[in-house]
Structure formats: C-alpha cells, structure tokens
Amino acid sequence: MPTENPKSLNLAHQQAARPSIAVYPGTFDPITNGHLDIIKRAMCLFDKVIVVIAVNPNKAPLFSLENRIAFIQQCFDSVDDRLQVSFTEGLIVDFALRHKAGTIIRGLRALSDFDYEFQLALMNRRLERKVETIFLMTGFRWIYISSTSIKEAAKCGGNIAGLVPDHVAKALKEKFA
Ligand code: COA
C-alpha cells in the first residue's frame, strides 16, 4: 500500500492556509450576464477574484476603459476585498504573479471556444508555470451570447434586456441613440 510523503502533506497544509486568488481576464466590452455568472461562481470557489480588463492596442473597444471598469463595479453592491476590478496593458500571467493569484479563470461557451482557449492556456502555462488556468462552463442561458452580438443587436435597436445588466443596456441604448 503506498504511503503518503509527510513532507508533501506539510506543503499541502501551507498551500491551504494561503488565500486562494484568481484573476478573470477579458475585454469586457461590455460585461454581459454571461460574464457575471462566471464571476459569481468563481467567487464561490476562491477567496478573492480580480476581474482584469486586458488593454489590447489592436482592439478598438466601443466603451472606454473607465466605462468598462465602472460597468463591472456597478454590478455589485460593494466591491470589497473579495472582488476587485483592475486592468493591465501587459501579460495576464505577470498581472497574476504581481497580485499573488495562482489561477486564471476562463469561461467556455461552446466547442468553438475550445481551440482558442486551449492555445491561450498553453501559452500562459509556457510563460508561467506557477499560474494554472481553470475553465468554468458558461451557464446554459448565456451560451449563445457575446459582447459583439449584443452590441450588434443593440445597434439595430434589438431588445437586449436580460442579456446584460440594466445599466449596461441603458449605456448601449444611449451609445446607439
Ligand atoms: N458569457 C458571454 N460572453 C462571453 C463569455 C461568457 N461567459 N466568455 C467569453 N465571452 C465572449 C466575450 O463577450 C467576447 O466576445 P467578443 O469577442 O464578441 O467581444 C469573447 O467571448 C472573447 O472574450 P474575452 O473573454 O473578453 O476574451 P478576449 O479574447 O477578448 O481576451 C484575453 C482574451 C484578455 C484573456 C487575452 O487576450 C489576454 O490574456 N490578453 C493579455 C495579454 C496576454 O497575457 N496574452 C497571453 C499570451 S498570448
């Protein structure tokens, strides 16, 4: 019968004592109810979740960085120590290390997301082995939505109520008025 190595048990105890911190990166242009679902579920799994907006110079977002941060913050009654909203212009793994986060959370909507997410997770692992990627299946209700499809629908006057938080729906309506 194999016996457990007492040294590795000690390590496990030390790790368990540390707060578990996860980063949830994305463009969030804008945040949708699908993203919110992932954030809330991640908060049940980790002591602290940092939602981090990745600033990508190759993307031309509809909403400013400040707007996108505010939209996320407004989804929660109070943004306390357990949830933070931030941004980075650099690598997500570097951000994670700076903030003592050992996990990157990503949501998977459908099989079509897998290829991209697989590449991203492997690249991040290649860049920094101390940071693991964990995938959460997107809630079934949000499986078909994306920030782009919601923006398109809003632009054409479609009803996007229930797909994004109310304040985001209002901002989209104003943007395309
Ligand atoms: N519900 C609804 N929509 C979801 C979703 C969910 N649970 N999860 C993802 N999506 C949608 C988003 O709305 C977005 O839609 P869009 O393309 O229409 O805007 C799309 O899926 C992709 O979203 P997002 O999660 O924001 O990822 P991204 O591809 O914009 O950004 C980063 C990916 C930010 C994680 C990645 O580019 C990154 O890590 N950048 C920093 C630099 C770096 O570290 N690179 C790694 C080495 S290559």
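Please read all numbers here as calculations on a predicted model, not as lab measurements.

Conventions and cut-offs
Residues numbered from 1 in each chain as written. Predicted model: local features only at pLDDT ≥ 70, side-chain atom pairs only at ≥ 80, totals over all residues. Heavy atoms only, no water. Salt bridge = Lys/Arg side-chain N within 4 Å of Asp/Glu carboxyl O. Helix = DSSP H or I, 4+ residues; strand = E, 2+ residues; numbered from the N terminus. Buried < 20%, exposed > 50% of the residue type's maximum accessible area, 1.4 Å probe, protein only. Near = heavy atom within 4 Å. Polar contact = N/O pair within 3.5 Å; in protein donor to acceptor, adjacent residues only side chain to side chain. Areas by Shrake-Rupley, 256 points an atom, 1.4 Å probe, with all protein chains shown as cover. Nonpolar A, V, L, I, M, F, W, Y, C, P; charged D, E, K, R; others polar.

Student: Please provide a residue-by-residue account of the pattern of salt bridges, values included.
Tutor: Evaluation of the coordinates by the stated rule reveals six salt bridges. Put simply, E117 and R106 hold a salt bridge, and the shortest N to O gap is 2.8 Å. Placement of E117 in helix α5 (residues 111-127) and of R106 in strand β4 (residues 103-108) is noted, with a sequence separation of eleven residues between them. R109 serves as the salt-bridge partner of D113, at 3.0 Å between the closest nitrogen and oxygen. By relative accessible area, which is 12% here, D113 ends up buried. Accessibility expressed as a relative area gives 30% for R109, which makes it partly exposed.

Student: Just give me the short version of the site of the ligand, but keep the residues and values in it.
Tutor: Among the 24 residues in the neighbourhood of the ligand, the closest are listed as T27, K59, I92, S147 and T148. The separation between an oxygen atom of the ligand and a polar side-chain atom of K59 is 2.8 Å. Notes on the ligand: free accessible area 940 Å², of which the protein chains cover 81%. Looking at the shell around the ligand, the elements with two or more residues in it are β1 (21-26), α2 (33-45), α5 and α6 (147-155). It is α5 that contributes the most residues to the shell around the ligand, four residues altogether. Looking at the shell around the ligand residue by residue, the classes come out as ten nonpolar, eleven polar and three charged.

Student: How would you explain the side chain of H35 if you had to name every residue and give the values?
Tutor: Here H35 shows up in helix α2. The class of H35 is buried, set by a relative accessible area of 19%. A distance of 3.0 Å separates a polar atom in the side chain of H35 from the backbone nitrogen of T32.

Bear in mind that shape data such as this cannot, by itself, settle questions of function.
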